[in-house]
Amino acid sequence: MAAQVTAPEATGAILAQNERVQFLINNNLTSGIAKVRKEAVRDLRILYKNRPSYAIINALKSTVYTDDNMFVLIETSISLLSVGVWDTAAFEIVLQALKYGSKDLRHTLLEALRTSNNPHLINKQSVQFRVLHGLLINFIRRGSHLKAGSEEADKEEMPRIDSFAFLTKEMELEAESQSGSTSPEQKVKDDDMLASRAALVCAYFYITDEEVKDCLLFFLRKGDEDMQSLCLTALTKKLVHHSPDVLLCCLNQMKTAVKWENRDAATKLIEDYKACLEEFGLSQRVFTDLEVLLYDDCAREVRATAAKVITSLGLQAKMQQVVIRKLDDVNEDVRAQGVMSLSILGIKGKSLLNQLLDILELDSSIFVRIQVMRAVKELNIGDRRVVRLLRERARGSGPMSKEARLALYSITGEIEY
């Protein structure tokens, strides 16, 4: 029945998107107003990512070769590269914009390159890629991690591309109008942002120059939380730069990052150091930090990732012993930590079930018993003894009764009043 209901809905969504695509191509993309064409290009990129279509690619390619507005051409080039179509003309426009564009435009282009699809399709022996490589290295040399090199980087020329020479003057004027008078401190910040983004793009394209690694290592220490997360991923995944310092940064990010997405990303990176933990002498440190993460992180996604990493590193048996020992601790907080860790690790067993039943029935701490109720709900333990105890607790009032009713409903579908 569900398939019969969703099939017409899916068909309707496809038809609606096709109609929207055709409207954008036939009307907005041919408008005499440049802003309308630019917004149409952006909308087509979003629609393509939702449902790829050759009609969108053909329309974007046609726009690159026929439109005469600088902003429309740049937006179209970004769209093509973002969806993984490395068209020569689009690539040339991006190179010109990187060379002569404003600060904000350069940041936008570098982010588009870093998040583009199909980087393996680019020809790294082509003139365009060599020019891109040179530009990125020049941007990196402007960073504050180097004493000199900023002036030399500005003096190096990139070959102009005759077919798009009319863009150069427009972009230079746009950059001048946006630059204005900036303080030395602000200029250093702008150069650092440009250098860090350029290094991330280099890592994305597997450019393994020492300058790239040095730049990423510098901003791993000095950058903000988001930049540190991006640098960790680039160094670990792309450049395969496995060192004790980078691993320690991963562990620190895993514990202290404000955003759960950054903590989750750092936790996932620990898997890549499986073969190096003993060599670095950090195996016990990793084990301890992962153990704390199982119950201490406020985001379930991060705790679930920690459980997966523990399994991947072959630490599940050792962790299970540590967690089960906590259930007999005299401290109620430690017992609660053990129960929370059990639920996220997905550990089940007859002896463990008996232990949880004893805690649920006899433990002196209401908080620990509530954690047991949540654990049996997460593990979906439908044992008749568990159900009986939950029914007894659900008949009362207070937080424990409320939690018992939630667990009972999750396991059996029953509603107790």
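Rules of the game
- Residues numbered from 1 in each chain as written.
- Predicted model: local features only at pLDDT ≥ 70, side-chain atom pairs only at ≥ 80, totals over all residues.
- Heavy atoms only, no water.
- Helix = DSSP H or I, 4+ residues; strand = E, 2+ residues; numbered from the N terminus.
- Buried < 20%, exposed > 50% of the residue type's maximum accessible area, 1.4 Å probe, protein only.
- Contact = heavy atoms within 4.5 Å.
- Areas by Shrake-Rupley, 256 points an atom, 1.4 Å probe, with all protein chains shown as cover.
- Expected span 1.5 Å × (residues − 1).
- Salt bridge = Lys/Arg side-chain N within 4 Å of Asp/Glu carboxyl O.
- Core = buried A, V, L, I, M, F, W, Y, C linked by side-chain atoms within 4.5 Å.
- Axes fitted to C-alpha atoms, helices over the stretch in contact; angles between N-to-C directions.
- Parallel < 35°, antiparallel > 145°, perpendicular 65-115°, else oblique.
- Left-handed = near helix turned anticlockwise from the far one by under 90°.
- Nonpolar A, V, L, I, M, F, W, Y, C, P; charged D, E, K, R; others polar.
- Polar contact = N/O pair within 3.5 Å; in protein donor to acceptor, adjacent residues only side chain to side chain.

Would you mind going over the overall build of the protein with me for this structure?
Regarding its fold elements, the protein presents 23 helices and zero strands. Evaluated residue by residue, the protein yields a buried proportion of 50% over its 417 residues. Long-range pairs, those at least 24 residues apart, make up 66% of the contacts in the protein between residues at least 6 apart in sequence. Total accessible area computed for the protein in this model is approximately 21,100 Å², and 51% of it derives from carbon and sulfur atoms.

Before we go on, may I ask you to explain helix 11 (residues 210–222) in this structure?
One turn of the α-helix equals 3.6 residues, which is why residues spaced by three or four share an orientation. Along its 13 residues, helix 11 runs 18 Å from first to last C-alpha, staying within 8% of the 18 Å computed at 1.5 Å per residue. Taken residue by residue, helix 11 has Val 212, Lys 213, Cys 215, Leu 216, Leu 217, Phe 218, Phe 219 and Leu 220 as its buried positions. Buried residues along helix 11 sit in contact with helix 7 (127–140), helix 10 (184–204), helix 12 (225–238) and helix 13 (244–256).

I would appreciate a short explanation of the pattern of salt bridges in the present structure.
A side chain of one charge can pair with a side chain of the opposite charge if their charged atoms are brought near each other. Scanning all chains against the criterion turns up 23 salt bridges. Where Arg 45 meets Glu 75, a salt bridge forms, and the shortest distance between an N and an O atom there is 2.9 Å. Remark: Glu 75 occurs in helix 4 (residues 70–82) and Arg 45 occurs in helix 2 (residues 34–50); sequence separation between them is 30 residues. What makes Arg 45 buried here is its relative accessible area of 15%. Taking the relative accessible area as the measure of exposure, Glu 75 reaches 13% and is therefore buried. Between Asp 383 and Arg 385 there is a salt bridge whose closest N-O contact spans 3.0 Å. Its relative accessible area of 28% is what places Arg 385 among the partly exposed residues.

How should the nonpolar core be read in this particular structure?
Side chains of nonpolar character tend, in soluble globular proteins, to be buried together. The biggest cluster of nonpolar side chains holds 129 residues, and the ones touching the most others in it are Phe 205 and Leu 216. If one sorts the elements of this core by residue count, helix 10 sits on top with nine residues. Contacts of Phe 205, omitting those with residues within four sequence positions, involve Trp 86, Leu 113, Ser 116, Pro 119, Ile 122, Lys 124, Phe 129 and Leu 132.

Which parts of the structure should I look at to understand the packing of helix 22 (residues 384–394) against helix 23 (residues 399–412)?
A pair of packed helices is captured by two measures, namely the crossing angle of their axes and the spacing between those axes. Relative to each other, helix 22 and helix 23 sit at 140°, their axes nearing to 8 Å. Overall, the two elements helix 22 and helix 23 adopt an arrangement that is oblique. As for how helix 22 packs across helix 23, the hand of that crossing is left-handed. Every residue of helix 23 that contacts helix 22 at Val 387, Leu 390, Arg 391, Arg 393 and Ala 394 is listed here: Met 400, Ser 401, Ala 404, Arg 405, Ala 407, Leu 408, Ile 411 and Thr 412. In the contact of helix 22 with helix 23, the residues fall into eight nonpolar, two polar and three charged.

Please clarify how the environment of Ile 411 should be interpreted in this entry.
Structurally, Ile 411 can be placed in helix 23. Overall, the relative accessible area of 16% leaves Ile 411 in the buried class. Distance in space between the C-alpha atoms of Ile 411 and Leu 379 is 9.4 Å, their sequence separation being 32 residues. Apart from the residues within four sequence positions on either side, Ile 411 is in contact with Val 376, Lys 377, Asn 380, Ile 381, Gly 382 and Leu 390.

Is there a simple way to think about the environment of Ser 229 in this case?
Tracing the chain through its elements places Ser 229 in helix 12. Since its relative accessible area comes to 10%, Ser 229 is described here as buried. Along the chain, Ser 229 and Asn 262 lie 33 residues apart, while their C-alpha atoms are 6.0 Å from each other. Excluding anything up to four places from it in sequence, Ser 229 contacts Gln 253, Asn 262 and Ala 265. In terms of polar contacts, Ser 229 uses its side chain to reach the side chain of Asn 262, at 3.3 Å.

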